[in-house]
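In case you want the letters, here they are:
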Amino acid sequence: MYSLRWLAVLLGWLLLLDLLALLPLSVYGLGFGTPALGVAVSLLLLFWLRWATQPRAWPGLVLGASVLLVFVLTRWPSGNLWDALLDPLLWLGIQLHALLSLRRRFARRSGTV
């Protein structure tokens, strides 16, 4: 499920660049439309097809499906899909986890661990 982590990291960076007005289009604005929801559901289905047989993947898949279901039924918290999928504090935690994971991987390659 490393792909999900990296997808969240990428989405967070895109939203940050959008916040700083460094992108030519509003990524955040796309979160109010149905196409973004279709893309999110399609990605979840692709992840499910890829990792459904691995028990370690089920919590992430169930969490993703639950978040999308609650969003579709309630449009909570703001009506924007990105707010439902990626809270800023969650993104910071994912960033930290990804950086620590990369650090461990490079330390293993260099033989210092």
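Keep in mind the model is a prediction, meaning the values are calculated, not measured. (Residues numbered from 1 in each chain as written. Predicted model: local features only at pLDDT ≥ 70, side-chain atom pairs only at ≥ 80, totals over all residues. Heavy atoms only, no water.)

Participant: Is there a simple way to think about unusual backbone geometry in this case?
Facilitator: Looking along the chain, the bond that leaves Trp-76 and enters Pro-77 is cis, with omega of 0°. As for its placement among the helices and strands, Pro-77 is situated in the loop between α4 (58-74) and α5 (81-85). The phi dihedral of Arg-75 is positive, around 55°, even though this residue is not glycine. Within the secondary structure, Arg-75 is located in the loop between α4 and α5. Assessed through its relative accessible area of 34%, Arg-75 is described here as partly exposed. (Helix = DSSP H or I, 4+ residues; strand = E, 2+ residues; numbered from the N terminus. Buried < 20%, exposed > 50% of the residue type's maximum accessible area, 1.4 Å probe, protein only.)

Participant: Help me out: how do you make sense of the layout of surface pockets in this one?
Facilitator: Take a probe with the size of a water molecule and roll it over the atoms, and the empty space left behind shows itself. In this structure, the largest pocket spans a volume of roughly 1200 Å³. What lines the largest pocket is a set of 33 residues, among which Leu-4, Arg-5, Leu-7, Ala-8 and Ile-94 lie closest to the centre. Looking at the lining of the largest pocket, the elements with two or more residues in it are α1 (2-19), α2 (27-30), α3 (34-51), α4, α5 and α6 (88-110). At eight residues, the largest contribution of residues to the lining of the largest pocket is made by α1. (1 Å grid on protein atoms, 1.4 Å probe; cavity = no way out; pocket = protein on both sides within 12 Å on 5 of 7 lines; lining within 4 Å. Points joined across faces, edges and corners; volume = space filled by probe spheres on them.)

Participant: I tried to follow the side chain of Asn-80 on my own but got confused; where do I start?
Facilitator: Relative to the helices and strands, Asn-80 is located in the loop between α4 and α5. With relative accessibility at 0%, the residue Asn-80 sits in the buried group. Excluding residues within four positions of it along the chain, Asn-80 makes contact with Tyr-28, Gly-31, Phe-32 and Phe-71. (Contact = heavy atoms within 4.5 Å.)

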